[in-house]
Amino acid sequence: MTTDAQIAKYPQHFRTVTRHRVITITVLTLLLGLLIFSFYRLDFSAMRIFTGLSKLLDVTRLMFPPDPGWGPTLLRYLHAMIETVAIAFLGTLVAALLAFPLASLAARNTSINRSVHFFARRTFDTLRGVDTLIWALIWINVVGLGPFAGVLAIICSDLGTFGKLFSEAIEAADRKPVEGIASTGGSRIQQIRFGIVPQVLPVFLSQVLYYFESNTRSATIIGIVGAGGIGLILSEQIRTLEFQQVSFVILMILVTVSAIDWLCSKLRFKVIGQPQH
């Protein structure tokens, strides 16, 4: 228990603790008020949730057993799924290849000057700030419907993300190898090539593999708006109430994403090493 003698001995300490406690309580109160206001403003209703759950159960019953359609229908599903994976792979790969050299312009320790660093950062922020689905809608209006628009959408979105992640990895790289190369007369390009790239390359590869798996799901979503892949088929089946075929398509997506996740995890461990137990 705090005594008057302790307060008199350390007045500044207790004033700081009290001030921090008041700030914490104020912030928590504001967040609670914002939560309550959000529930009210967005017309949140527990009754609507319970009512919707019964409808969800009805739809779920209609989805079993899954129907692959067989014959030409099954081949159409498989072709669309392969197209979705191809969109994700090509979009991720091209975005990574473009971001690899551009990230050095956005990193403080490798950028040419402050103006280039600022411009590169803001460019990556702009690209990253627009969702992949929005990019898909934009590119559909530019190049038309199809997987090409989906690839361009993923490239634009991932270029901003990879640029930020890669530049931060470059900034966190150890300076000692760079200083060692500089002390032997190495040029700036050689300092980056032999001092920084070997350190950050495993991080880059790990991030690219993770986003390839993530983009497989994104390619499914952008297909709904006409950017190719299995998403368009899924949207058609939902609109026509073919719920058994919907469940089969969903299972295809889950199996594909799980397989890619397993494969990418194996490759990541090969690149960065096995986790310590």
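Now for a description of the structure that goes with this document. (Residues numbered from 1 in each chain as written. Predicted model: local features only at pLDDT ≥ 70, side-chain atom pairs only at ≥ 80, totals over all residues. Heavy atoms only, no water.)

## As for the overall build of the protein
Right, on to step 1. The number of helices and strands found in the protein is eleven helices and zero strands.
Right, on to step 2. A globule of 277 residues ought to have a C-alpha radius of gyration of about 19 Å, yet the protein, at 26 Å, is considerably larger.
Right, on to step 3. Once the C-alpha set of the protein is aligned to its principal axes, its extents read approximately 80 × 65 × 45 Å.
Right, on to step 4. The buried share of the protein, taken over its 277 residues, is 35%.
Right, on to step 5. Summarising the internal contacts of the protein: among those between residues at least 6 apart in sequence, 75% fall at separations of at least 24.
Right, on to step 6. Only carbon and sulfur atoms are counted for the fraction: they give 69% of the accessible area of the protein, which is about 17500 Å². (Helix = DSSP H or I, 4+ residues; strand = E, 2+ residues; numbered from the N terminus. Rg over C-alpha atoms; globule rule 2.2 N^0.38 Å. Buried < 20%, exposed > 50% of the residue type's maximum accessible area, 1.4 Å probe, protein only. Contact = heavy atoms within 4.5 Å. Areas by Shrake-Rupley, 256 points an atom, 1.4 Å probe, with all protein chains shown as cover.)

## Regarding a nonpolar patch on the surface
Right, on to step 1. On the surface, Leu32, Leu35, Ile36, Phe39, Phe44, Ile49, Phe50, Leu53 and Leu56 cluster together to form a nonpolar patch covering roughly 900 Å² of accessible area.
Right, on to step 2. Positionally, Phe50 belongs in helix 3 (residues 46-62). (Patch = residues over 30% accessible without salt bridge, like charges linked within 9 Å, V, L, I, M, F, W, Y side chains within 5 Å. Salt bridge = Lys/Arg side-chain N within 4 Å of Asp/Glu carboxyl O.)

## Thoughts on the layout of surface pockets
Right, on to step 1. Roughly 280 Å³ of volume is contained in the largest pocket.
Right, on to step 2. In terms of lining residues, the largest pocket is bounded by 14 residues, among which Leu93, Ala96, Phe204, Leu205 and Val208 are the most central.
Right, on to step 3. Elements with a contribution of two residues or more to the lining of the largest pocket: helix 4 (71-106) and helix 9 (188-223).
Right, on to step 4. Its residues assigned to classes, the lining of the largest pocket comprises 13 nonpolar, one polar and no charged. (1 Å grid on protein atoms, 1.4 Å probe; cavity = no way out; pocket = protein on both sides within 12 Å on 5 of 7 lines; lining within 4 Å. Points joined across faces, edges and corners; volume = space filled by probe spheres on them. Nonpolar A, V, L, I, M, F, W, Y, C, P; charged D, E, K, R; others polar.)

## Thoughts on the side chain of Glu213
Right, on to step 1. Relative to the helices and strands, Glu213 resides in helix 9.
Right, on to step 2. For Glu213, the side chain forms a polar contact with the side chain of Arg217, separated by 2.8 Å.
Right, on to step 3. If near-sequence neighbours (up to four positions away) are discounted, Glu213 is found in contact with Val257, Ile260 and Asp261. (Polar contact = N/O pair within 3.5 Å; in protein donor to acceptor, adjacent residues only side chain to side chain.)

By themselves these figures say nothing about function.
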